[in-house]
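# Structural overview
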Amino acid sequence: MRESGRVVLAAVAINGANFVLKLFGWLYTGSHSLFAEAIHSLADTCNQIILAFGIRKSLQVPNKEHPYGYHPMRYIAALISGVGIFCTGTGVSLYHGVHGLLHLAEAAPDTSYYWAFLLLLGSLISEGGTLVIALQAASRAARQQNLPLKRYILRGDDPTLNVVILEDAAAVLGVLIAGSCMGLTSFYGMPVFDAVGSLAIGGLLGGVASFVIVSNAGALVGKSIAPASLATINRCLEADEMVRAIHDVKATNMGNEVIRYKAEVDFDGRKLTRNYLDSVDLVALQQELKEVAEAGENGNLESVEEFMLKHGENIVDLLGAEVDRIENELKRKHPQVRHVDLEVL
């Protein structure tokens, strides 16, 4: 979480500075592509501020209203970020591009793009640096889960890093598109290239936003953990001497690498009874059985009922203790499993 937070805060600072620089560049040149890039950086800055809030909120401790904590807040923040990219970045960029195509005569370049190219070069270096930082953080997280980097990103286990990676990758591509289209406009004196660049950047942002929205919406609905991780947890549970079989297993990622695990467990009744017998004095139990048998022969059924209630309750208490033991053992061996729900069959 600290690493994700550092990546997000670095992205906020860099994208905020890039927005200011691109804004001045657009005011100086009037370039549609540079305007789209300025909006792109503004959207990224606002969205990453939302991500930082989501990280902080997701670490809030559980309470009575939210007994499982606030872990999904990271997915909610990332989802809001994706909607923000789509509405602000995509919408404004497409609008500005269409406006440029409809008013080509008014958009003829009347100033040099020299300073704008320098601004884009600086933005390319800074955005690329943030992208490398985010990729390194994601690569370390992927190695911890024994997953390829691509698979880790596509699964969306860390929405914060994913959004930063996707936004910065789109930012790098956007700068290249803007620079190329501005260069063509400057070389040929045809503003149509610049307008097309704004449309291309809008389409790029739309693709990123769609992926962020779909992946985080799926996570909020409830997404299973990786099959390999689930199999490891299942083997740990099945290896317990008290468990004969497990059924209807479900394990969902609640966010912040916190897992909620649920399974129906077929307990070994004979083993449970043997453990109970090992915990009592068999001689005393035998004497108690003789007394109950004699009372039953004399028509005193209350003694039989009292015997069954006493030992039945003790066995149920022992079963509850075994369930608690197994749950604690799972949490100890797999720290990411914070919530375990075992149903006895």
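Predicted model only: the values in this text are computed from it and were never measured.

When you go through the chain residue by residue, the secondary structure sums to eleven helices and three strands. Start at the N end of the chain and walk to the C end: the helices and strands fall as α-α-α-α-α-α-α-α-β-β-α-α-α-β. For a compact globule of 345 residues, the expected C-alpha radius of gyration is about 20 Å, and the chain comes in at 31 Å, more than 25% above that figure. Taking all 345 residues of the chain together, 44% fall into the buried category. Surface exposure of the chain reaches about 17700 Å², of which carbon and sulfur atoms provide 63%. Placing the 28 positive and 37 negative side-chain charges of the chain at their respective mean positions leaves the two points 7 Å apart.

Let's shift gears to the packing of aromatic side chains. Counted according to the given criterion, the structure contains one aromatic pair. With centroids separated by 4.8 Å and ring planes inclined at 55°, the aromatic side chains of tryptophan 26 and phenylalanine 35 adopt a geometry described as tilted. With relative accessibility at 14%, the residue phenylalanine 35 sits in the buried group.

Formed by 27 residues in total, the largest nonpolar core has its most connected members in Val7, Val8, Leu51, Tyr152, Val164 and Ile165. Counting residues per element, the ones that place at least two in this core are helix H1 (2-29), helix H2 (32-58), helix H3 (73-102), helix H4 (114-144), helix H5 (149-155), helix H6 (159-188) and helix H7 (192-222). In terms of residue count, H6 provides more of this core than any other element does, seven residues in total. Within the second largest apolar cluster, 23 residues are counted, among which are Cys236, Val265, Phe267 and Ile326.

Turning our attention to the confidence of the model for the chain. In the predicted model, the chain carries a mean pLDDT of 83, and the fraction of residues at 70 or more is 95%. Within the chain, H5 has the poorest average pLDDT of any element, 78, and strand E2 (residues 258-267) the best, 91.

Interaxial distance between H3 and H6 falls to 9 Å at its minimum, and their mutual angle equals 20°. Relative to H6, H3 is oriented roughly parallel. In this structure, H3 contributes Arg74, Tyr75, Ala78, Ser81 and Ile85 to the contact, and H6 contributes Pro159, Thr160, Val163 and Glu167. Of the residues in the contact of H3 with H6, the class split is five nonpolar, two polar and two charged.

Take a nonpolar patch on the surface next. There is a patch of nonpolar side chains on the surface, built from Val20, Leu23, Phe24 and Leu27 and spanning about 380 Å² of accessible area. Within the fold, leucine 27 resides in helix H1.

What follows covers the side chain of threonine 90. Relative to the helices and strands, threonine 90 is located in helix H3. A residue is classified by how much of its surface remains accessible, and threonine 90, at 5% relative accessible area, is buried.

Take the pairing of E2 next. Counted residue by residue, E2 has seven buried out of ten residues, so it is predominantly covered. Here strand E1 (residues 243-255) pairs with E2 via nine bridges, running antiparallel. Paired with valine 243 across the bridge in E2 is phenylalanine 267. Connecting E1 to the next strand, E2, in antiparallel fashion are two residues, including asparagine 256 with a positive phi near 60°.

Ordered in space as E1-E2-E3, the three strands form an open sheet in which the pairing is mixed. A single partner strand is all that each edge strand has here, and the edge strands are E1 and strand E3 (337-344). Across this sheet, the average inter-strand angle for adjacent strands is 15°, counted without regard to direction. Of the strands in this sheet, E1, E2 and E3 are in contact with helix H11 (residues 301-333), which crosses E3 at around 150°.

Here we take up the packing of H4 against H6. Where H4 meets H6, the axes come as close as 9 Å, and the angle between the chain directions of the two elements is 155°. Classed by the angle they form, the pair H4 and H6 counts as roughly antiparallel. For the crossing formed where H4 meets H6, the hand is left-handed. Of the residues contributing to the contact of H4 with H6, the split by class is 19 nonpolar, five polar and two charged.

Evaluation of the coordinates by the stated rule reveals eleven salt bridges. Residue lysine 271 pairs with glutamate 241 through a salt bridge whose shortest N-O separation is 3.8 Å. Of this pair, lysine 271 sits in helix H9 (residues 269-278) while glutamate 241 sits in the loop between helix H8 (227-238) and E1; the two residues are 30 residues apart in sequence, bridging distant segments of the chain. By relative accessible area, lysine 271 is classed as partly exposed at 26%.

Moving on: the side chain of serine 81. Here serine 81 lies in helix H3. Setting aside chain neighbours within four positions, we find serine 81 in contact with Asn47, Leu51, Val163 and Glu167.

Moving on, we come to unusual backbone geometry. Most peptide bonds take the trans form, and the phi angle of most residues other than glycine is negative. One non-glycine residue, aspartate 248, lies in positive phi territory at about 50°. Along the chain, aspartate 248 turns up in strand E1. Residue aspartate 248 is classed as partly exposed on the basis of its relative accessible area, which comes to 36%.

Conventions and cut-offs
- Residues numbered from 1 in each chain as written.
- Predicted model: local features only at pLDDT ≥ 70, side-chain atom pairs only at ≥ 80, totals over all residues.
- Heavy atoms only, no water.
- Helix = DSSP H or I, 4+ residues; strand = E, 2+ residues; numbered from the N terminus.
- Rg over C-alpha atoms; globule rule 2.2 N^0.38 Å.
- Buried < 20%, exposed > 50% of the residue type's maximum accessible area, 1.4 Å probe, protein only.
- Areas by Shrake-Rupley, 256 points an atom, 1.4 Å probe, with all protein chains shown as cover.
- Lys, Arg positive; Asp, Glu negative; His and termini not counted.
- Charge placed at Lys NZ, Arg CZ, Asp CG, Glu CD.
- Phe/Tyr/Trp six-rings, centres within 6.5 Å; stacked < 30°, edge-to-face > 60°.
- Core = buried A, V, L, I, M, F, W, Y, C linked by side-chain atoms within 4.5 Å.
- pLDDT = per-residue confidence, 0-100.
- Axes fitted to C-alpha atoms, helices over the stretch in contact; angles between N-to-C directions.
- Parallel < 35°, antiparallel > 145°, perpendicular 65-115°, else oblique.
- Contact = heavy atoms within 4.5 Å.
- Nonpolar A, V, L, I, M, F, W, Y, C, P; charged D, E, K, R; others polar.
- Patch = residues over 30% accessible without salt bridge, like charges linked within 9 Å, V, L, I, M, F, W, Y side chains within 5 Å.
- Salt bridge = Lys/Arg side-chain N within 4 Å of Asp/Glu carboxyl O.
- Pairing = 2+ DSSP bridges.
- Left-handed = near helix turned anticlockwise from the far one by under 90°.

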